[in-house]
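In case you want the letters, here they are:
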Amino acid sequence: MKKGRLGEILDSFKNLKVAVVGDMMLDDYLIGNVDRISPEAPVPVVSVKEERFVLGGAANVVNNLSTLGATTFCFGVIGDDFDGDRLIREFEKKSIETMGVVRSTSRPTIVKRRIIGGNQQLLRLDWEDSRAISEDLEKSLLKHIEAKIKELDAIILSDYDKGVLTPNVVKRIISLCKENNIIVTVDPKPKNAMNYIGATSMTPNRKEAIECLGKTNFDSIIEIGQELKEKLQLDNLLLTRSEEGMSLFQGEEIINIPTYAKEVFDVTGAGDTVISVFTMALASGVKIEEAAKIANTAAGVVVGKMGTSIVTKDEIIEFYNTIYKD
Ligand SMILES: Nc1ncnc2c1ncn2[C@@H]1O[C@H](COP(=O)(O)OP(=O)(O)OP(=O)(O)O)[C@@H](O)[C@H]1O
Ligand SMILES: [Mg+2]
């Protein structure tokens, strides 16, 4: 890639309109000090100094897209509760469009609330109902997506298996994308694999790719990738391989891209960064191999950062230039 080209590609992300459909979550951190043990029970008393909200699950994909400049739309189902209001507020702070977030009185907003005393996580409290959403919720979610589809450049299906991406929802979105010539990429959950037939691309990790095929015996991960791409009739497949980087399957070709991450601190969310950057690069018309390399670079940055799973344009450029010295 010529000098300056990566900057142009990343700049062009701001012209994109990308939607994420999936399981939006709120991560909540209650942070404080512990000075004493409770008189009520043998547990520490945390004197809370700060509460921090972080976008999680599919909402972390939204955050990645928006941080890199794309106009981002989110579609999902959250509760009609206080945590749902907080989640919406976090989206709005980042100018993320939330018209497509359906509020339900029959399910809670998915929240993972941590209590941190000193430097230690003492407890995590989870709220979630991961049953499939009702037919009514499916319909209203799809109505929002249908109303927006013509404006979009790409849709990402971020499946955490928490009930939003039902077979009906996924199949309808993929066929809408095909009709409208829109890229649709999937971060999959293996048990739902057969729903994703006909998507543009998928970004499973090693374990997910193997489980998508229901295999326990296989010769190589390469064989798995090829078979999965064929079986689900994908245009291409980007198999992420943690410390081994990633493998891109396109036509008959397989391109292995090693990771260049030097220091690895926190690998959570790397998969979200991969699908976000890869999808935006594809939607910008970048060649697939280049899109994968940029996504791999972004993931290499994110695993080196503690406590956050987003990357900026400048961080990607700086790291790319240290790896690919043309
Ligand atoms: N230990 C590591 N060392 C170097 N790079 C890594 C490591 N783990 C992840 N990466 C980078 O992040 C990318 C995605 O990681 P991985 O294959 O673990 O996805 P994942 O399991 O979907 O992640 P997530 O935990 O976000 O769901 C890899 O392709 C690689 O570029
Ligand atoms: Mg993942």
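Residues numbered from 1 in each chain as written. Chains lettered and ligands numbered in written order. Predicted model: local features only at pLDDT ≥ 70, side-chain atom pairs only at ≥ 80, totals over all residues. Heavy atoms only, no water.

**Q** How should I be thinking about the pattern of salt bridges in this particular structure?
**A** Close approach of charged atoms allows side chains of opposite charge to pair. Counting across every chain of the model gives 24 salt bridges. The closest approach of N and O atoms between glutamate 146 and arginine 172, which form a salt bridge, is 3.0 Å. Of this pair, glutamate 146 sits in helix H4 (residues 135-148) while arginine 172 sits in helix H5 (residues 167-179), and the two are 26 residues apart along the sequence. A salt bridge links glutamate 315 to lysine 305; its shortest N-O distance comes to 2.9 Å. Of this pair, glutamate 315 sits in helix H10 (residues 313-323) while lysine 305 sits in the loop between helix H9 (288-302) and H10, and the two are 10 residues apart along the sequence. The exposure class assigned to glutamate 315 is partly exposed, which follows from its relative accessible area of 25%. Salt bridges sharing partners connect three or more residues here, namely Asp28, Asp83, Arg86 and Arg113. (Salt bridge = Lys/Arg side-chain N within 4 Å of Asp/Glu carboxyl O. Helix = DSSP H or I, 4+ residues; strand = E, 2+ residues; numbered from the N terminus. Buried < 20%, exposed > 50% of the residue type's maximum accessible area, 1.4 Å probe, protein only.)

**Q** Hey, could you run me through helix H7 (residues 221-231) in this one?
**A** What sets the pattern is the α-helix's 3.6 residues per turn: residues three or four places apart point alike. All of the buried residues along H7 are Ile221, Ile224, Gly225, Leu228 and Lys229. End-on, the buried residues of H7 take up no more than an arc of 125°, which puts them together on one face. On its buried face, H7 sits against strand E10 (201-202), helix H6 (206-212), strand E11 (236-240) and strand E12 (246-250). Note on H7: the residue one or two positions beyond its end, glutamine 233, has a positive phi of about 50°. (Arc of directions from axis to C-beta. Contact = heavy atoms within 4.5 Å.)

**Q** Looking at this model, I keep getting lost on the nonpolar core. Mind explaining?
**A** Across soluble globular proteins, nonpolar side chains show a tendency to be buried alongside one another. Counting 58 residues, the largest nonpolar core has Met24 and Phe91 as its most contacted members. If sequence neighbours within four positions are ignored, methionine 24 has contacts with Gly56, Ala58, Ala59, Val62, Cys74, Phe75, Ile78, Leu87, Phe91 and Ile110. The next biggest cluster of nonpolar side chains, apart from the first, holds 42 residues, and it includes Ile155, Ile173, Tyr196 and Cys212. (Core = buried A, V, L, I, M, F, W, Y, C linked by side-chain atoms within 4.5 Å.)

**Q** When you look at the site of ligand 1 in this model, what are you seeing that I'm missing?
**A** The local shell around ligand 1 holds 18 residues, among which Asn205, Thr240, Ser242, Gly271 and Asn296 are the closest. A distance of 3.1 Å separates a nitrogen atom of ligand 1 from a polar side-chain atom of threonine 259. In isolation ligand 1 has 620 Å² of accessible area, and contact with the protein removes 83% of it. The leading source of residues in the shell around ligand 1 is helix H8 (residues 270-283), at three residues. Of the residues that constitute the shell around ligand 1, the class distribution is eight nonpolar, eight polar and two charged. (Near = heavy atom within 4 Å. Polar contact = N/O pair within 3.5 Å; in protein donor to acceptor, adjacent residues only side chain to side chain. Areas by Shrake-Rupley, 256 points an atom, 1.4 Å probe, with all protein chains shown as cover. Nonpolar A, V, L, I, M, F, W, Y, C, P; charged D, E, K, R; others polar.)

**Q** Is there a simple way to think about the pairing of E12 in this case?
**A** Burial analysis of E12 places four of its five residues in the buried class, the great majority of the element. As defined by bridge partners, E11 adjoins E12 across five bridges and the pair is classed as antiparallel. Among the inter-strand pairings, leucine 238 is bridged to a residue of E12, identified as leucine 248. The hairpin turn running from E11 into E12, its antiparallel successor, is five residues long, and serine 242 in that turn takes a positive phi close to 45°. Of the strand pairs in this sheet, E12 and strand E13 (residues 253-257) are connected by five bridges, and their pairing is antiparallel. Residue pairing across strands places methionine 246 opposite isoleucine 257, the latter belonging to E13. (Pairing = 2+ DSSP bridges.)

**Q** Where do I start with the pairing of strand E6 (residues 110-117) in this structure?
**A** Every regular strand shows the same layout, with side chains that alternate between the two sheet faces. Where burial is concerned, most of E6 is hidden: seven out of the eight residues are buried. Bridge analysis of E6 against strand E7 (residues 120-127) gives seven bridges, and the strand direction is antiparallel. Bridge pairing in E7 places arginine 113 opposite leucine 125. Where E6 folds back onto E7 in an antiparallel hairpin, the turn is made up of two residues, including glycine 118, whose phi is positive at roughly 65°.

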